[in-house]
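# Geometric and topological summary
Listed below are the residues making up each chain.
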Amino acid sequence: MALRLYNTLRREIEEFKPASGGNAVNLYTCGPTVYDSAHIGNLRSYIFADVLRRVIEFNGYKVNWVMNITDVDDKTIKRTVDEFGKEATPEELRKYTDRYFDEFKKDLVSVNIPTDQERITFVRVSDKINEIKKFIKELIKLGFAYKTDDGVYFSIEKYQKDFGDYGELVGENFLAGKKTGARVRVDEYEKENLSDFALWKARDESDGNVFWDDKELGEGRPGWHIECSAINKISFGGAPTDIHTGGVDLIFPHHTNEIAQSQPIYEPFVLHWSHCEHLLVDDRKMAKSEGNFYTLRDLEKEIPDAGVSFRYLALQTHHRAKMNFTIAALKAAESGLEHLSDARFNLNNPGKAGNAEERFAEALNHDLNTAEALAVLGELTGLENSGKLADKMAQVLGITFFDTEIPSEIKALQNEYEEYRRNKQFVKSDGLREKIKKLGYIVRDTETGSILRKSRK
Ligand code: AMP
Ligand code: ZN
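A brief look at the structure comes next. (Residues numbered from 1 in each chain as written. Chains lettered and ligands numbered in written order. Predicted model: local features only at pLDDT ≥ 70, side-chain atom pairs only at ≥ 80, totals over all residues. Heavy atoms only, no water.)

It is worth spelling out the side chain of glutamate 92 at this point. With respect to the helices and strands, glutamate 92 occurs in helix α3 (residues 90-110). No salt bridge is formed by the buried glutamate 92; its nearest oppositely charged neighbour, lysine 95, is found at 4.2 Å. At 2.8 Å, the side chain of glutamate 92 and the side chain of threonine 89 are in polar contact. Every residue in contact with glutamate 92, bar those within four places of it in the chain, is listed here: Thr80, Phe84 and Glu87. (Helix = DSSP H or I, 4+ residues; strand = E, 2+ residues; numbered from the N terminus. Buried < 20%, exposed > 50% of the residue type's maximum accessible area, 1.4 Å probe, protein only. Lys, Arg positive; Asp, Glu negative; His and termini not counted. Salt bridge = Lys/Arg side-chain N within 4 Å of Asp/Glu carboxyl O. Polar contact = N/O pair within 3.5 Å; in protein donor to acceptor, adjacent residues only side chain to side chain. Contact = heavy atoms within 4.5 Å.)

Next up, the structure:
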């Protein structure tokens, strides 16, 4: 049974086939802007991309996964100038963004997204300025971009004249009734403010000394959208990107503009667009600008190994559905994962796996139904002789079981701990919890007594 995925461009679920016709797949994910810590909404979209990567591999393909790192943009430059002053150069920008890039990689590892080069290639924008300039110059040469006093802009009118499909990723007839020709310098804008967008932003006083020089383009730096067009092209050698992912907020303007910039140079640019819906808090999108966000550090204050539990929680909702986040849901996910882990290491229920493996594959191959796949995994754990299959499924989903196999001397400490709690000797129970922690185990209180597991760290 083949892998079927929803394609945002065609608005339907279709069979996935890579352009190569062989077993190599080019997967591209828009990465973070590293001006600050990532929030768990961002992480939801990367967990989705990672499950997608694993499911493609599960189907026998070899995935070349590339993610850009936006370390040159309005926000990163502003923060760099705030910290290092007006003298700040690209070197300081690099120093500033290193910090959040490193943190981001650690966050990925915490939610079981491997960051080794075998699995993923990160491409920093500051390392590809020359390639980006080249791409812009080519667009100028072909007549799709024009120079102004404050930079180089992309002409939507010209694109529309030649291709006639600007904005199709958003919906049919996107341009109907809209005026073209105005210009927008900022990277993020609403559909109502449709305008020619900046490919190269001329140096501005607020940029300090963060700029790159160029004979043709002048002093300045790339706009946001152009980096992804250039990085797709150089990463896959001009071959189509098989799958391009991002959060739904990137459909417009970012991905819409990526398509417009790339198609004049090569077609098709992307075969398959996959988007992840938003993580919400109280029914509003989790966002830095809304101030309603949690980072992994915030979650780690609530529970240990929060990344693993957050991943387990995220997979319970289909990636195309909005998902409301609460700390209570996170804690419930942790208990669920505890339960699953206990069952995995105590395979003593009679019964047979039956067609579980088939149903698991069917669920994932039908537009990545991770919730159903988790349910199949849940049925399986605890069944004698099903350990290997459960491990295989967990690997495809990127779920790690908590290690609940505990040596008897640690179990004895847990009994002692519970005894102190029952007698309300909290100073003693707290002390014992610390001692257990030092021995590499975690004891946690739940409504039905304490639970014990090996610490991941
Ligand atoms: P940014 O660093 O803002 O470019 O965002 C990085 C990624 O996170 C992009 O793919 C966004 O679409 C995605 N994203 C941002 N906010 C959310 C959210 N609340 N839920 C899910 N994905 C999000
Ligand atoms: Zn992008």
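This brings us to helix α7 (residues 251-262). Residues three or four positions apart in an α-helix share a direction because the helix packs 3.6 residues into each turn. If you check α7, its first and last C-alpha atoms are 15 Å apart, about what 12 residues at 1.5 Å a residue would give, namely 16 Å. Counting buried positions along α7 gives 12 out of 12 residues, so the element sits mostly inside the fold. (Expected span 1.5 Å × (residues − 1).)

The next subject is the sheet that holds strand β5 (residues 121-124). Hydrogen bonding along the main chain pairs the strands of a sheet, whether they run parallel or antiparallel. Strand order in the open sheet made by the five strands is β5-β4-β3-β11-β12, with parallel pairing throughout. With one partner strand each, in any of the chains shown, β5 and β12 (270-276) form the two edges of the open sheet. With direction set aside, neighbouring strand axes in the sheet form an average angle of 25 degrees. Inspection of the sheet shows strand β11 (residues 241-247) paired to β12 by six bridges, in the parallel sense. Residue isoleucine 243 lies in a different strand from β12, and its bridge partner there is histidine 272. (Pairing = 2+ DSSP bridges. Axes fitted to C-alpha atoms, helices over the stretch in contact; angles between N-to-C directions.)

Relative to the 26 Å expected for 18 residues at 1.5 Å per residue, helix α10 (residues 327-344) spans 25 Å between its end C-alpha atoms, a close match to the ideal helical length. By the burial criterion, the buried members of α10 are Ile327, Leu330, Ala333, Glu334, Leu337, Glu338, Leu340, Ser341, Ala343 and Arg344. Those residues of α10 that are buried are in contact with α8 (296-302), α9 (306-314), α12 (370-380), α13 (387-397), β16 (441-446) and β17 (449-454).

Turning to the sheet that holds strand β14 (residues 284-285), a few remarks are in order. Pairing is mixed in the open sheet, where three strands are placed in the order β14-β13-β15. Looking at which strands have only one partner, the edges of the open sheet turn out to be β14 and β15 (323-324). Strand direction decides the pairing type here: strand β13 (residues 279-281) and β15, joined by two bridges, are parallel. Of the residues in β15, the one forming a bridge with leucine 280 is asparagine 324.

To continue, consider the site of ligand 1. The local shell around ligand 1 holds 16 residues, among which Gly41, Gly247, Asp249, Leu279 and Met286 are the closest. Backbone polar atom of threonine 33 to an oxygen atom of ligand 1: 3.1 Å apart, as the coordinates give it. At a separation of 2.8 Å, a nitrogen atom of ligand 1 approaches a polar backbone atom of leucine 279. Computed on the free molecule, ligand 1 has an accessible area of 490 Å², of which 91% lies beneath the protein chains in the complex. Among the elements of the structure, α1 (40-58) and β11 are those that each provide at least two residues to the shell around ligand 1. (Near = heavy atom within 4 Å. Areas by Shrake-Rupley, 256 points an atom, 1.4 Å probe, with all protein chains shown as cover.)

We describe a pair of aromatic rings using the distance from one ring centre to the other and the angle between the two ring planes. According to the stated counting rule, one finds 20 aromatic pairs in the structure shown. On the basis of an interplanar angle of 50 degrees and a centroid distance of 6.2 Å, the ring pair of phenylalanine 154 and tyrosine 159 is categorised as tilted. Through successive ring pairs, a cluster of aromatic residues spans Phe144, Phe154, Tyr159, Phe163, Tyr166, Phe174, Tyr189, Phe197 and Phe252. Against the face of phenylalanine 101 rests lysine 105, its NZ or CZ located 4.1 Å from the ring centre. Lying over the aromatic face of tyrosine 6, arginine 320 brings its terminal NZ or CZ to 4.0 Å of the ring centre. (Phe/Tyr/Trp six-rings, centres within 6.5 Å; stacked < 30°, edge-to-face > 60°. Lys NZ or Arg CZ within 6 Å of the ring centre and 35° of its normal.)

With that settled, consider the coordination of the zinc ion (ligand 2). Distances from the zinc ion (ligand 2) to its protein donors, Cys30 (SG), Cys228 (SG) and His254 (NE2), fall at 2.0 to 2.2 Å. Coordination of the zinc ion (ligand 2) draws on donor residues from a single chain, spaced C-x197-C-x25-H in sequence. A residue pair is termed long-range when its members are at least 10 positions apart, and cysteine 30 in the loop between β3 (24-29) and α1 and cysteine 228 in helix α6 (residues 225-236) qualify at 198 residues. Given the relative accessible area of 6%, cysteine 30 is considered buried. (Donors = N, O, S within 2.8 Å, 3.2 Å for Na, K, Ca; no water.)

Now for the pairing of β3. In terms of burial, β3 is a largely internal element, five of the six residues being buried. Two elements, β3 and strand β4 (residues 62-69), share six bridges in a ladder whose sense is parallel. For asparagine 26, the partnering residue across the bridge sits in β4 and is asparagine 64. Regarding the hand of the β-α-β motif, the stretch spanning β3, α1 and β4 is right-handed. Where β3 meets β11, three bridges bridge the pair, whose relative direction is parallel. Bridge pairing links tyrosine 28 to histidine 244 in β11. (Right-handed = clockwise from strand over helix to strand, strands pointing away.)

Without other data, these values stay purely geometric and don't point to any function.
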